[in-house]
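If you want the building blocks of each chain, they are given just below.
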Amino acid sequence: MTDSQTFRLMYRSRDRISPDERKLALGALFTKARSNNKALGVTGALLVDGDQFVQTLEGDEPEVRMLFDRIKADPRHDSVELISTEMVPERVFARWSMARVGHDGEPDIALIAHTDGISPASSRGGTPGQVGVLDAMRRAAVRADEQVS
Ligand SMILES: Cc1cc2nc3c(=O)[nH]c(=O)nc-3n(C[C@H](O)[C@H](O)[C@H](O)COP(=O)(O)O)c2cc1C
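Residues numbered from 1 in each chain as written. Predicted model: local features only at pLDDT ≥ 70, side-chain atom pairs only at ≥ 80, totals over all residues. Heavy atoms only, no water.

1. Description of unusual backbone geometry
So, step 1. With a phi close to 50 degrees, Ser79 is a non-glycine residue in the positive phi region.
So, step 2. Within the fold, Ser79 resides in strand S4 (residues 77–88). (Helix = DSSP H or I, 4+ residues; strand = E, 2+ residues; numbered from the N terminus.)

2. Structural notes on the site of the ligand
So, step 1. Inspection of the region around the ligand gives 16 residues, with Asn36, Asn37, Gln55, Arg70 and Asp74 positioned closest.
So, step 2. Here Arg70 contributes a side-chain N or O atom positioned 3.1 Å from an oxygen atom of the ligand.
So, step 3. When the free accessible area of the ligand is taken as 620 Å², the share hidden by the protein chains comes to 81%.
So, step 4. Contributions of two or more residues to the shell around the ligand are made by helix H1 (22–40), strand S3 (52–59) and helix H2 (61–72).
So, step 5. Per-element tally for the shell around the ligand: the top contributor is H1, with 5 residues.
So, step 6. Classifying every residue of the shell around the ligand gives 8 nonpolar, 4 polar and 4 charged. (Near = heavy atom within 4 Å. Polar contact = N/O pair within 3.5 Å; in protein donor to acceptor, adjacent residues only side chain to side chain. Areas by Shrake-Rupley, 256 points an atom, 1.4 Å probe, with all protein chains shown as cover. Nonpolar A, V, L, I, M, F, W, Y, C, P; charged D, E, K, R; others polar.)

3. Looking at the packing of aromatic side chains
So, step 1. Under the defined criterion, the tally for this structure stands at 1 aromatic pair.
So, step 2. Ring centres of Tyr11 and Phe68 lie 5.2 Å apart, and the angle between their planes is 40 degrees; this geometry places the pair in the tilted category. A residue pair is termed long-range when its members are at least 10 positions apart, and Tyr11 in strand S1 (residues 6–15) and Phe68 in helix H2 qualify at 57 residues. No difference in accessibility class separates Tyr11 from Phe68, as the two residues are buried. (Phe/Tyr/Trp six-rings, centres within 6.5 Å; stacked < 30°, edge-to-face > 60°. Buried < 20%, exposed > 50% of the residue type's maximum accessible area, 1.4 Å probe, protein only.)

Such coordinate-based values are descriptive only and should not be taken to indicate function.
As structure tokens, this is what we get:
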């Protein structure tokens, strides 16, 4: 699509998947998210950090809002908190129907830098736009950690 504006939504939530099911359940979640998002023209990244999720969704506003409403109702997480919504000139995760991001290393993102031939903008890799959004996602996860009493 050649639309000049993209809607970007970021939220955080708490993972409710039991530790013994986690690996398999997250694998299934990413597979489903990637195929659905491809059909919706939605791209983004999901940070999985301890029991925190922070997700960024990018696309046309109606699709992103509809998807967020569906995700909010998912029993695999709770305490869903909207962090930001904004119109942005372009997608930062254009190649990713849903990139998986860890707190420290993120092989998904490093791969983008590699295939594009772009030198990493920081030690974390990725384009400058990605690095900015990923930093905001990590800050959101850290703040959520601090709220735990
Ligand atoms: C943290 C989290 C992130 C999710 N992200 C997505 C997503 O990006 N796209 C998606 O389609 N579903 C996502 N889901 C799953 C949805 O809540 C829902 O189960 C799924 O969209 C239903 O798809 P279906 O109607 O095709 O079965 C996510 C769920 C969780 C808990």
